[in-house]
Amino acid sequence: MMTRTGANRVTIVVTGLAWMGRGIRSVESAIEDMLTNASDEIQVAAYTITGGAKEFLQLLQNCLCRGVRVTLIVNRLATQPKEIQAVIKDMAQRFHHFILLDFNPKRAAEDLHAKIVVVDRSTALVGSPNLSWRGLVLNHELAVVITGPSAAKIGSLLDALGRDPRTSVVEV
């Protein structure tokens, strides 16, 4: 389903069997298309990343191999699964154009709960799915893909979060 809002194009994408197959694309296919078509920059904000997101991480690595810059902001990196931390930190070591940021505020009740992918500041996916098998496949999750000026604004918001004192560069 696609609608136009001003100069933005908004497309609904989903996960979950009850919502799939109704002419609405899956979140996974939207992310795959976005990352495959990335030419300059990818920004990601993630609340949680689990082993169910290995395909997503492989797509990111493919982008890095093509020279696409990637910034990944992860909520409380130390609380993510150890295997995922290892994969992400390995990518940060191997690719100088991969910036890994840890959102780690002092207050336990404060988190980065956003789930966002921005590509080339022209397309953004914003929604409820975590980067996990449940979030990308099993759960009933909804997101929107925004193409247009609002995607650049979302990218700017991620830039601001990256400069926030609660966010730090992970040195590997």
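Each remark here, short or long, concerns the structure printed above.
Residues numbered from 1 in each chain as written. Predicted model: local features only at pLDDT ≥ 70, side-chain atom pairs only at ≥ 80, totals over all residues. Heavy atoms only, no water.

A.B. asks: Before we go on, may I ask you to explain the environment of Val 44 in this structure?
C.D. replies: Along the chain, Val 44 falls in strand E4 (residues 41–46). Each C-alpha atom, one on Val 44 and one on Ile 12, is 19 Å from the other, the two residues being 32 residues apart in sequence. Setting aside its immediate chain neighbours within four residues, Val 44 contacts Phe 56, Thr 71, Leu 72, Ile 73, Ile 116, Val 117 and Leu 131. (Helix = DSSP H or I, 4+ residues; strand = E, 2+ residues; numbered from the N terminus. Contact = heavy atoms within 4.5 Å.)

A.B. asks: Looking at this structure, how should I read unusual backbone geometry?
C.D. replies: In terms of backbone geometry, most residues other than glycine have negative phi values and most peptide bonds are trans. In this structure, Asp 120 is a non-glycine residue whose phi angle is positive, near 55°. Relative to the assigned elements, Asp 120 resides in the loop between strand E7 (116–119) and strand E8 (123–127).

A.B. asks: Whenever I open this one, the pattern of salt bridges confuses me. Can you help?
C.D. replies: Where charged atoms of side chains with opposite charge meet at close range, the side chains can pair. All chains considered together, the criterion is met by ten salt bridges. We note a salt bridge from Asp 111 to Arg 76, for which the minimum N-O separation is 2.8 Å. Of this pair, Asp 111 sits in the loop between strand E6 (98–103) and E7 while Arg 76 sits in the loop between strand E5 (69–75) and helix H3 (82–94), placing them 35 residues apart in sequence. When its relative accessible area of 32% is taken as the criterion, Asp 111 is described as partly exposed. Taking the relative accessible area as the measure of exposure, Arg 76 reaches 14% and is therefore buried. One salt bridge connects Arg 94 with Asp 90, and the closest N-O pair in it is separated by 3.4 Å. (Salt bridge = Lys/Arg side-chain N within 4 Å of Asp/Glu carboxyl O. Buried < 20%, exposed > 50% of the residue type's maximum accessible area, 1.4 Å probe, protein only.)

A.B. asks: Teacher, can you tell me more about the nonpolar core here?
C.D. replies: If you look at soluble globular proteins, the nonpolar side chains tend to sit buried side by side. Membership of the largest hydrophobic core comes to 38 residues, with the highest contact counts inside it found for Leu 35, Ile 42, Ile 49, Phe 56, Phe 98 and Leu 125. Secondary-structure elements contributing two or more residues to this core are helix H1 (27–36), E4, helix H2 (54–65), E5, H3, E6, E7 and strand E9 (142–147). The biggest single contributor to this core is H2, with six residues. Counting residues in each nonpolar core, the second largest holds 14 residues, with Val 10, Ile 73, Ala 124 and Ala 151 among its members. (Core = buried A, V, L, I, M, F, W, Y, C linked by side-chain atoms within 4.5 Å.)

A.B. asks: Help me out: how do you make sense of the layout of surface pockets in this one?
C.D. replies: One way to see where empty space is left: roll a probe the size of a water molecule over the atoms. Counted as a void, the largest pocket has a volume near 160 Å³. Lining the largest pocket are Arg 9, Thr 11, Val 13, Arg 25, Ala 30, Asp 33, Met 34, Asn 37, Thr 123, Val 145 and Thr 147. Put simply, the parts of the chain that give the lining of the largest pocket at least two residues each are strand E2 (8–14), H1 and E9. Grouping the amino acids of the lining of the largest pocket by side-chain chemistry returns four nonpolar, four polar and three charged. (1 Å grid on protein atoms, 1.4 Å probe; cavity = no way out; pocket = protein on both sides within 12 Å on 5 of 7 lines; lining within 4 Å. Points joined across faces, edges and corners; volume = space filled by probe spheres on them. Nonpolar A, V, L, I, M, F, W, Y, C, P; charged D, E, K, R; others polar.)

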